[in-house]
Amino acid sequence: MVARTKDYQLEADMAPARGFVSLLTGSFSTPATDNPTVAMVEAAYAAMGLDARYVNCDVPPSGLADAVRGALAMGWAGFNCSLPHKVAVIDLLDEVAASARIIGAVNCVVVRDGRLVGENTDGQGFVESLHTVVDPAGAHVVVFGAGGAGRAVAVESALAGASSVTVVNRDPVRGRELAAIVADQTPATATYTPWTAAYAVPDEATVVVNATSVGLAPHGDALIDVDLASLRPGVVVADVIPNPPRTRLLREAEARGCPTLDGLGMLVNQGVLGIRLWTGQEPDPAVMRRTLAGIFG
Ligand code: NDP
């Protein structure tokens, strides 16, 4: 928990109504230069007619505790944590939501009654996207990758009702660890499959997710090592890569009759969840998606 030199919330409670004081939110990460979330969230705030700001802050690891303390002192409604702070921030919080605790990472912090509450909206954003094409209940999900995005996608899919999760990852330690987390801490069954050759998607798979960093700009044409012929028509294929939104994996999958979900949708959805948590109001996802699509060209 962050050591407080004063009880900021007590003083905030005694302060007059907001007046010219904007609702403050933002992001702590480093490097922060290419973070597109600021444009997406500020566009949403403007469309909502809210006097609210989202400040993109470049915060080194040594400054994280001070940044969090500063946000509290300034009465921020909350903030996102991106790389490299998603794990380190946990020690600074008063409370961590159950799914974020299982994932082991927090990307969204909400200040609630002066308490810092950590959430993980990455995986929830993915599951919201998934619901637009298929009910996750009973799904057999294949997740490529076992890093931050892979953990969020695997755990939230399992908590949303997927019956089994197969983790495919190069590094066996990370892969096995994620499969064990899903098997031990969610109702789903889970296995780890070593990724030593082109992976053939099993017949029982209903959802396939690229949660590796393969395909991220400027390497938008890179493809994960998957046997494309094993992508049966009807299998949902999703990519966490937001830029470019139409990755080569998604193009190949579409050509084989697979419904697809892009990483832009996941990014928008986690932004929607954050804004909802910070403001209690509903942003327009179309405005947010348009803003991001403009940035990513
Ligand atoms: P991490 O560094 O935590 O994990 C990277 C993962 O990618 C690891 O599993 C790694 O495998 C795997 N990987 C990297 N290169 C290769 C390769 N050549 N072949 C196979 N596997 C590879 O990163 P994150 O999980 O945080 O982020 C991954 C991607 O997800 C990023 O591109 C990020 O932009 C995106 N993302 C998108 C979000 C959204 O809202 N759309 C939200 C969060 C992330 P190994 O363990 O074997 O090294």
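Every value quoted in this text rests on a predicted model; they were computed, and no experiment measured them. (Residues numbered from 1 in each chain as written. Predicted model: local features only at pLDDT ≥ 70, side-chain atom pairs only at ≥ 80, totals over all residues. Heavy atoms only, no water.)

## Some words on the sheet that holds strand β3 (residues 78–81)
The condition that has to hold: Strand pairing requires that DSSP identify at least two bridges connecting the strands. Per the convention used, a helix needs a DSSP run of H or I reaching at least four residues, while a strand needs a run of E reaching at least two, with both numbered from the N terminus. We call two residues in contact whenever any of their non-hydrogen atoms come within 4.5 Å of each other. To get an axis, a line is fitted to the C-alpha atoms, and for a helix only the part in contact is used. The angle between two axes follows their N-to-C directions and goes from 0 to 180 degrees.
Taken together, six strands build an open sheet; the order of strands is β2-β1-β3-β5-β6-β4 and the sheet is mixed. With one partner strand each, in any of the chains shown, β2 (52–58) and β4 (95–96) form the two edges of the open sheet. Inspection of the sheet shows strand β1 (residues 23–29) paired to β2 by seven bridges, in the parallel sense. Its bridge partner being in β2, Leu-24 is matched across the sheet by Arg-53. Contacts from helix α9 (residues 263–279) reach β1, β2, β3, β5 (108–112) and β6 (115–119) within the one sheet, and its direction differs from that of β5 by about 10°.

## What about the site of the ligand?
Convention followed: For this purpose, a residue is taken to be near a molecule or strand whenever a single non-hydrogen atom of the residue falls within 4 Å of it. Between N or O atoms, a polar contact is any pair within 3.5 Å; within protein, one atom must be a potential hydrogen donor and the other a potential acceptor, and residues adjacent in sequence are included only when both atoms are from side chains. In these tables, accessible area is a Shrake-Rupley quantity obtained with a 1.4 Å probe, and a residue counts as shielded only by the protein chains included in the view. Residues are sorted three ways: Asp, Glu, Lys and Arg are charged, Ala, Val, Leu, Ile, Met, Phe, Trp, Tyr, Cys and Pro are nonpolar, and all the rest, Gly among them, are polar.
Close to the ligand lie 21 residues; Ala-149, Asn-169, Arg-170, Asp-171 and Val-240 are nearest. Measuring from an oxygen atom of the ligand, one finds a side-chain N or O atom of Asn-169 at 2.9 Å. One nitrogen or oxygen atom from the main chain of Asp-171 is found 2.8 Å from an oxygen atom belonging to the ligand. Starting from 920 Å² of accessible surface for the ligand in isolation, the protein chains cover 76%. Of all the secondary-structure elements, those providing two or more residues to the shell around the ligand are α6 (148–159) and α9. In terms of residue count, the dominant contributor to the shell around the ligand is α9 (three residues). A breakdown of the residues in the shell around the ligand according to their chemical character gives 10 nonpolar, seven polar and four charged.

## What about the pattern of salt bridges?
Note the cut-off: Put simply, a salt bridge is a Lys or Arg side-chain nitrogen that is within 4 Å of an Asp or Glu carboxyl oxygen. The rule is simple: take the accessible area with a 1.4 Å probe, protein chains only, and divide by the maximum for that residue type; under 20% is buried, over 50% is exposed, in between is partly exposed.
Within the structure shown, the criterion is met by 12 salt bridges. Across the pair Glu-128 and Arg-276 runs a salt bridge whose closest N-O atoms are separated by 3.9 Å. Remark: Arg-276 occurs in helix α9 and Glu-128 occurs in helix α5 (residues 121–131); sequence separation between them is 148 residues. A salt bridge links Arg-232 to Asp-203; its shortest N-O distance comes to 4.0 Å. Here Arg-232 is found in the loop between β10 (207–210) and β11 (236–239), whereas its partner Asp-203 is found in the loop between β9 (189–194) and β10, with 29 residues between them in sequence. According to the relative accessible area criterion, Arg-232 is partly exposed, its value standing at 28%. Classification of Asp-203 as exposed rests on a relative accessible area of 61%. When salt bridges that share partners are traced, they join Glu-128, Arg-276 and Glu-282 into one network.

## A few points about the sheet that holds strand β12 (residues 260–261)
Pairing is parallel in the open sheet, where six strands are placed in the order β9-β8-β7-β10-β11-β12. At either margin of the open sheet sits one strand with a lone partner, and together these are β9 and β12. Sheet analysis places β10 next to β11, joined by four bridges and oriented parallel. Within β11, the residue paired with Asn-210 across the bridge is Asp-239. Set on the sheet, helix α8 (residues 248–255) makes contact with β10, β11 and β12; between it and β11 the angle comes to about 165°.

## Some words on the domain arrangement of the protein chain
How big an interface is tends to be reported as the loss of accessible area on association of its parts. Cut-off, in case you're wondering: Marked domain ranges trace back to an automatic or database domain assignment. As a working definition, buried area equals the accessible area (1.4 Å probe) given up by two parts on being put together, with both sides summed.
We note that the domain assignment places domain 1 (6–120 + 265–296) and domain 2 (134–258) within the protein chain. With centres defined by C-alpha atoms, the gap from domain 1 to domain 2 works out at 28 Å. Each partner contributes residues to the interface: domain 1 has seven residues there, and domain 2 has 11 residues. Carbon and sulfur atoms supply 71% of the area that domain 1 and domain 2 bury against each other, a total of about 910 Å² over both sides. Together, Ile-102, Ile-103 and Phe-296 form the three largest contributors to the area buried by domain 1 at its contact with domain 2, with a combined 64%. Viewed at the interface, domain 2 and domain 1 are joined by zero salt bridges. Our enumeration of links across domain 1 and domain 2 arrives at two residue pairs in polar contact (both at pLDDT 80 or more). Elements with a minimum of two residues in the side of domain 1 that touches domain 2: α4 (98–103) and α9. Per element, the largest residue contribution to the side of domain 1 that touches domain 2 is three residues, and it comes from α4. Its residues assigned to classes, the side of domain 1 that touches domain 2 comprises five nonpolar, two polar and no charged.

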